[in-house]
Amino acid sequence: MDNPSGTVLFTTVARPTYGFDVFSIKLSSDFNFSNSDEHRLTDGVSINYNAQFINTHQQDQDQTQSIVFISERLGCPAIYLSKPELSTPEQLSLVTESIFHDRPVVKDDRLYFISAHENPDQLFKSWSALYSCHLHLNDSNGKDITRLTPRGVVDFSPAVSRSGEYIAVASYGSRPWEGEFHELKTDIVAFKASDPEKRVVVCERGGWPSWSGDSIIYFHRQADDGWWSIFQVKFPDNLNDISGFLNTPVRVTPPGVHCFTPAAFQDGKRIAVATRRRNKNYRHIEIFDVGSSTFYPVTDLLNPSFHHYNPFVSSDFLVLGYHRFRGESRPGETTVRNLEPVKSPIKDLRMLRLNGSFPSFSPAGDLIAYNPDFINSNGGLKIMKSNGSNRWTLIKDRVAFYNSWSPTEKHVIYTSVGPIFEQAKTAVQIARVTFDPSDLKPDSNEIPCDVKMLTREDTGNNAFASCSPDGKTLVFRSGRNGYKNLYIMDAFDGEFNGSIRQLTDGPWIDTMPSWSAKGDLIVFSSNRHIPNNVEAFSIYVVKPDGSDLKRIHVAGPEGSNDADRERLNHVCFSRDGEWLLFAGNVGSVTAEPVSLPNHFQPYGDLFVVRLDGSGLRRLTWNGYENGTPAWHTGGELDLGDLCLNEEDEDKLTGKTDDPLWIRCDM
């Protein structure tokens, strides 16, 4: 087939729990706030974030109530407009083929935004670029969209100067992404809105620029002492020609507190920042007075137990905005959808985000096995209907991860029991979980099951079992010989009847195997091409008898720099065996990771590629980490209407971590 089809089910780290809405608060001279001062600007549908107040020529408009923002309510990050006179937010239909937009800014009826719809035709390079158009595109007959980022260049986080004459971005320029995400190696680049080709690097190493007037730019970066801080670069007054400047930045915020994502007041005296302080578990918005070097807390006084992100300020200096978890007391969505439709770039391929990880379809496709939480000890194993309803618990109060449903038995699931991300000798076991399908009743929550261990506890780290199409054998990863290699054993008795054989052997990591529907091939991830690099995973296939092992070259030929940078995991086959689905890093990053909640690798997106390594197609674009995909291998899956029954869904908690690589104990 020319294009892959079917249904792809996957997880996004933490994303389902966000429940973000955009809020604002009027600033007072005494910085004395209460919860009644906080005003919600979005409607509690989906997640809403990265807003800006609208700054237009319309003097009769209340600019502190009107915003442009990003919402994912239709299955991808898109730009919306909210005004007091609108009953619901209005989607701005800009680049219709794009399924990623970010950081909208309106200045004088012109909208500036990031989109990722144009393929850079180079792997390991971000698709993000800056575009502009009239605020209401229909007014210009849809012909006004202009790309401001030169071809081959990557831009993030745009900011517009007070006059609207100048633009600043965090830019890679034409350099490739080197794999970093703790701090992107971007520069602060500025140019005239009327002449975007004439770009100047005004400061090396920085992100998230914010203009004060037309002559000062604030931005964040990690200082040499380890603290994320706000820096400033100045230009001559009445700047008419931006060329020729490369400034030494001045550090503005002091060490001892992390400061991110600045929003400058146009008076040049204050900046709003997101902070993370010692002995504080949450990111908060504060006002920093540049002249006196004094912080004034804002959101810690309102919602001390929520994270607050990415402040923005009104042009009259009077109103501060940000986004945070909406809380249970506010109207709007209060539960996490078990399954959420995600916009797909391929017509015949349906995409669904799971509130959980490691999904596996039953043989008939009517049920899904998954792990609700594979980190904490009470995660266990659950089943739900494939329309997202009627969840049942099979295993609880135990760590379980990665599931494989028997293709021939509707009542048998294989899972890994024990800690994830551990060494080769750590005890992790393969379990055969058997249950009675007649127990799957709507009024039941927990159902009895038999958990039979198929591996010996003293054989080390056994995980990632995949069942053969005939249901007779399992391929799995084991660390029993000191290295994580692949083995095959009996699917009923495991290694206890002596039926086990080693499939791969070597001082490297072979992991996450998956059987093709025909049974002729096993696909897996391995770092065997660079055994000393535990992050450099590529895709390999092998026959079940161990012959014809070969690498699928996605990024380039053996030994090339791009090939050695691959980090490709969670691979599985299409039903016809012609396509491979996987999570990988070849699309680089799409947004500044420090502006988001924690993601272990916020460059994880989903891709498909042909078995011969050709035809690579990207499936997801966002700033999150997407992974653990499952591809329904049966015929066309009729899911019907996805269940929206809140009784079968988890409550939104807003419990997210700040990036774990941000240290507050220095």
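Relevant structure appears above.
Residues numbered from 1 in each chain as written. Predicted model: local features only at pLDDT ≥ 70, side-chain atom pairs only at ≥ 80, totals over all residues. Heavy atoms only, no water.

> Any details on the overall build of the protein chain? Residues and values, ideally.
The number of helices and strands found in the protein chain is 1 helix and 50 strands. Taken over the C-alpha atoms alone, the protein chain extends approximately 80 × 55 × 55 Å along its principal axes. The buried share of the protein chain, reckoned over its 666 residues, is 61%. Of all intrachain contacts in the protein chain linking residues separated by at least 6 positions in sequence, the fraction that spans at least 24 positions is 54%. Carbon and sulfur atoms make up 45% of the accessible area of the protein chain, which amounts to about 25600 Å² in all. Taken together, the 67 basic and 85 acidic charged side chains of the protein chain have centroids lying 2 Å from each other. (Helix = DSSP H or I, 4+ residues; strand = E, 2+ residues; numbered from the N terminus. Buried < 20%, exposed > 50% of the residue type's maximum accessible area, 1.4 Å probe, protein only. Contact = heavy atoms within 4.5 Å. Areas by Shrake-Rupley, 256 points an atom, 1.4 Å probe, with all protein chains shown as cover. Lys, Arg positive; Asp, Glu negative; His and termini not counted. Charge placed at Lys NZ, Arg CZ, Asp CG, Glu CD.)

> Describe in detail unusual backbone geometry, supporting the description with residues and values.
Peptide bonds are, in most cases, trans, and in most cases residues other than glycine have a negative phi. At Asn50, a residue that is not glycine, the phi angle is positive and equals roughly 50°. Mapped onto the secondary structure, Asn50 falls in strand β4 (residues 48-53). Although it is not a glycine, Asp109 sits at a positive phi angle of roughly 65°. Structurally, Asp109 can be placed in the loop between β8 (101-107) and β9 (110-115).

> So, the pattern of salt bridges: which residues are in play, and what are the values?
Inspection of the entire model under this criterion finds 34 salt bridges. Between Arg151 and Glu118 there is a salt bridge, with its nearest N and O atoms 2.5 Å apart. Taken together, the residues Arg151 in the loop between β11 (146-147) and β12 (154-160) and Glu118 in the loop between β9 and β10 (129-134) connect sequence positions 33 residues apart. For Arg151, a relative accessible area of 62% corresponds to the exposed category. Between Arg551 and Glu566 there is a salt bridge, and its shortest N-O distance comes to 3.4 Å. Here Glu566 lies in the loop between α1 (561-564) and β45 (569-573) and Arg551 lies in strand β44 (residues 550-552), a separation of 15 residues in the sequence. Each member of the pair, Arg551 as well as Glu566, is classed as buried. One salt-bridge network, held together by shared partners, links Arg15, Glu72, Glu340 and Arg353. (Salt bridge = Lys/Arg side-chain N within 4 Å of Asp/Glu carboxyl O.)

> Mind laying out the sheet that holds strand β24 (residues 308-313), listing which residues take part and the relevant values?
Read across the open sheet, the 4 strands follow the order β3-β2-β25-β24; overall the sheet is antiparallel. Where the open sheet ends on each side, the last strands, each with one partner, are β3 (38-40) and β24. Between one strand axis and the next, the sheet turns by 30° as a mean value, whatever way the strands run. In this structure, strand β2 (residues 20-26) lies alongside β3, joined through 3 bridges in antiparallel fashion. Residue Ser24 lies in a different strand from β3, and its bridge partner there is His39. (Pairing = 2+ DSSP bridges. Axes fitted to C-alpha atoms, helices over the stretch in contact; angles between N-to-C directions.)

> If you had to explain the packing of aromatic side chains to someone new, which residues and values would you point to?
Geometry of an aromatic ring pair is reported as the spacing of the ring centres plus the angle between the planes. Taken as a whole and judged by the stated rule, the model has 26 aromatic pairs. With a centroid separation of 6.0 Å and an interplanar angle of 20°, the aromatic rings of Phe113 and Tyr131 are classed as stacked. Residue Phe113 is located in strand β9, and its partner Tyr131 is located in strand β10; the two are separated by 18 residues in the primary sequence. Under the relative-accessibility criterion, Phe113 is labelled buried at 0%. For Tyr131, a relative accessible area of 2% corresponds to the buried category. Considering the side-chain rings of Phe181 and Trp661, the 6.2 Å spacing of their centres and the 80° angle between planes classify their relative orientation as edge-to-face. Here the residue Phe181 occupies a position in the loop between β13 (166-173) and β14 (187-192), and Trp661 occupies one in the segment after β50 (650-651), the gap between them amounting to 480 residues. Ring-pair connections join several aromatic residues into one group, and the members of that group are Tyr18, Phe20, Tyr309 and Tyr624. Here Arg73 stacks its cationic end above the ring of Tyr80, 5.1 Å away from the centre of that ring. When the ring centre of Phe124 is taken as reference, the NZ or CZ atom of Arg565 above it lies at 4.3 Å. (Phe/Tyr/Trp six-rings, centres within 6.5 Å; stacked < 30°, edge-to-face > 60°. Lys NZ or Arg CZ within 6 Å of the ring centre and 35° of its normal.)

> Describe the nonpolar core, naming the residues involved and giving the relevant values.
In terms of nonpolar packing, the biggest core is built from 46 residues, with Leu320, Ile539, Leu580 and Phe582 touching the most fellow members. Residues contacting Ile539, with those up to four places away along its chain left out, are Val523, Phe524, Lys550, Arg551, Ile552, Val554, Leu568, Val571, Leu580 and Phe582. In this structure, Ile54, Val68, Leu81 and Ala129 belong to the second largest nonpolar core, which totals 22 residues. (Core = buried A, V, L, I, M, F, W, Y, C linked by side-chain atoms within 4.5 Å.)

> Go over the state of the cysteines with me, naming the residues and quoting the values.
In protein structure, a disulfide is the covalent linkage between the sulfur atoms of two cysteines. One pass over the full model with this rule turns up 0 disulfides. Note on Cys203: no disulfide assigned, nearest cysteine sulfur contributed by Cys259 at a separation of 17 Å. This cysteine, Cys449, is not joined by any disulfide, and Cys467 carries the nearest cysteine sulfur, 17 Å off. Look at Cys449 and you get partly exposed, because its relative accessible area is 27%. (Disulfide = S-S within 2.5 Å.)

> Any chance you could break down the pairing of strand β35 (residues 429-435) for me, citing the residues and the numbers?
With 6 of its 7 residues buried, β35 lies for the most part within the structure. Here strand β34 (residues 412-417) pairs with β35 via 6 bridges, running antiparallel. Among the inter-strand pairings, Val412 is bridged to a residue of β35, identified as Thr434. By the bridge criterion, 5 bridges tie β35 to strand β36 (residues 449-453) in an arrangement that is antiparallel. If you follow Arg432 over to β36, its bridge partner there is Lys452.

> Lay out the environment of His39 with the relevant residues and their values.
Looking at the element boundaries, His39 is found in strand β3. When the C-alpha atoms of His39 and Ile25 are compared, they prove to be 6.1 Å apart, with 14 residues separating the residues in sequence. Once residues within four sequence positions are removed from consideration, His39 is found in contact with Val22, Phe23, Ser24 and Gln65. A distance of 2.9 Å separates the side chain of His39 from the side chain of Gln65, its partner in a polar contact. (Polar contact = N/O pair within 3.5 Å; in protein donor to acceptor, adjacent residues only side chain to side chain.)

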